[in-house]
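Spelled out, the chains give:
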Amino acid sequence: MLTLIRKFCTMKPPTNAALLHDVDIPTKKATFGMGCFWSNDSLFGATPGIIRTRVGYAGGTTKNPHYRNIGDHTEVIELDYDPKTVTFEELLDIFWANHEYGLTTKLKRQYQSMILYHDEEQRKVAEQSYNKMQARCNEPLRTEIAPADAFYAAEDYHQKYRLQGHKDLCRSLGLDSSKLQTSHLAARLNGYLVGVGGRSQFEEEVNKLGLSEKQADYVRHEIERNEGGGLAC
């Protein structure tokens, strides 16, 4: 497990105004519980069609949860996605294929397998997807499907956890605690830096991200070093 990083990126204004922090297009939300949320943040961050990611606590009734006392909530990732690029069904395919602790294992509430739907269409699609997956399993699925309610953002040191491990890069991007949850660029790099998406995909979009050549070369090096590795927390 990576050493816990308790301080978010040093707050400095970006030196490059072209950095793609903000993407202003219509999006939909999806919320999943898949085990430890650090890995999910990287996994979805570099998925085509994902605009923003944030991790937090949801699915329970405890007011104002925090990491040391999340009550009856679950660690989840909340996504803003472009439905013209990626569908909810495709996001569910990623959901089913990437549970860190398995789909049939009984776990404590913190790591519950969970789909929190944001509208009636998502509910129907989630239930259909669940039924198809259950037909392929020999044991009962433990995935919970429920309406999305209050989402409580996790502490700053949890947001874009892998990206925050690259302090110099993070500082050069001008990230503050708010941008860690809203920046499109931060979401992409949080995945690319651990090899998610791969070199080819990165090259397809690097010119749109606004990175300097030095920053882009740094990311390329990390992709090549980590591509194909695991994402366990």
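On a predicted model such as this, the values are computed, not experimentally measured, just so you know.

On to the side chain of Gln201, then. Within the fold, Gln201 resides in helix H8 (residues 198-209). The class of Gln201 is buried, set by a relative accessible area of 17%. Among the polar contacts made by the side chain of Gln201, one reaches the side chain of Tyr192 at a distance of 2.9 Å. Once residues lying within four places of it in the same chain are set aside, the contact partners of Gln201 are Ala46, Pro48, Arg188 and Tyr192.

By the criterion of burial, helix H7 (residues 184-192) is predominantly enclosed, with 9 of the 9 residues buried. Considered for burial, the residues of H7 that qualify are His184, Leu185, Ala186, Ala187, Arg188, Leu189, Asn190, Gly191 and Tyr192. At its buried positions, H7 is contacted by helix H1 (37-45), strand E2 (50-58), helix H4 (161-164), helix H6 (179-182), H8 and helix H9 (213-226). Where H7 begins, the side chain of Ser183 points an oxygen toward the backbone nitrogen of Leu185, at a separation of 3.3 Å.

All right, on to the side chain of Ser183 then. Residue placement: Ser183 occurs in the loop between H6 and H7. On the basis of relative accessibility, which here comes to 1%, the residue Ser183 falls in the buried class. Sequence-distant contacts of Ser183, defined by excluding residues within four places in its chain, comprise Leu20, His21 and Leu175.

Throughout the structure, instances matching the rule amount to 9 aromatic pairs. Taking the centre distance of 6.0 Å and the plane angle of 40° together, the rings of Phe37 and Tyr57 count as tilted. Placement of Phe37 in helix H1 and of Tyr57 in strand E2 is noted, with a sequence separation of 20 residues between them. In terms of burial, Phe37 and Tyr57 fall into one category: buried. Ring geometry for Tyr192 versus Phe202: centroids 5.1 Å apart, planes at 75°, classification edge-to-face. Linking Tyr192 in helix H7 with Phe202 in helix H8, this pair joins segments that are 10 residues apart in sequence.

Below, the discussion takes up unusual backbone geometry. Phi is positive for Asn64, close to 50°, though the residue is something other than glycine. Tracing the backbone through its elements, the reader meets Asn64 in the loop between E2 and strand E3 (74-81). The backbone of Lys160 sits at a positive phi, close to 50°, despite the residue not being glycine. Along the chain, the position of Lys160 falls in the loop between strand E6 (152-153) and H4.

For the rest of this paragraph, the subject is the packing of H8 against H9. Two measures define how a pair of helices packs: the angle their axes make with one another and the distance between the axes. H9 packs onto H8 with a crossing angle of 160° between their chain directions and a minimal axis gap of 9 Å. Here H8 is positioned roughly antiparallel relative to H9, judged by the angle of their axes. Both H8 and H9 take part in a crossing whose hand is right-handed. Of H9, the residues touching H8 (which contributes Gly198, Arg199, Phe202, Glu203 and Val206) are Ala216, Val219, Arg220, Ile223 and Glu224. Class assignment of the residues belonging to the contact of H8 with H9 gives a composition of 5 nonpolar, 1 polar and 4 charged.

Glancing now at the environment of Thr62. As for its position among the elements, Thr62 is in the loop between E2 and E3. Overall, Thr62 belongs to the partly exposed group, its relative accessible area being 25%. Taking the C-alpha atoms as reference points, Thr62 and Ala150, 88 residues apart in sequence, are found 9.9 Å from one another. Those residues in contact with Thr62, other than ones at most four positions away along the chain, are Ile70, Gly71, Asp72, His73 and Tyr152. Here Asp72 takes part through its side chain, which lies 2.9 Å from a polar atom of the side chain of Thr62.

About the thresholds
Residues numbered from 1 in each chain as written. Predicted model: local features only at pLDDT ≥ 70, side-chain atom pairs only at ≥ 80, totals over all residues. Heavy atoms only, no water. Helix = DSSP H or I, 4+ residues; strand = E, 2+ residues; numbered from the N terminus. Buried < 20%, exposed > 50% of the residue type's maximum accessible area, 1.4 Å probe, protein only. Polar contact = N/O pair within 3.5 Å; in protein donor to acceptor, adjacent residues only side chain to side chain. Contact = heavy atoms within 4.5 Å. Phe/Tyr/Trp six-rings, centres within 6.5 Å; stacked < 30°, edge-to-face > 60°. Axes fitted to C-alpha atoms, helices over the stretch in contact; angles between N-to-C directions. Parallel < 35°, antiparallel > 145°, perpendicular 65-115°, else oblique. Left-handed = near helix turned anticlockwise from the far one by under 90°. Nonpolar A, V, L, I, M, F, W, Y, C, P; charged D, E, K, R; others polar.

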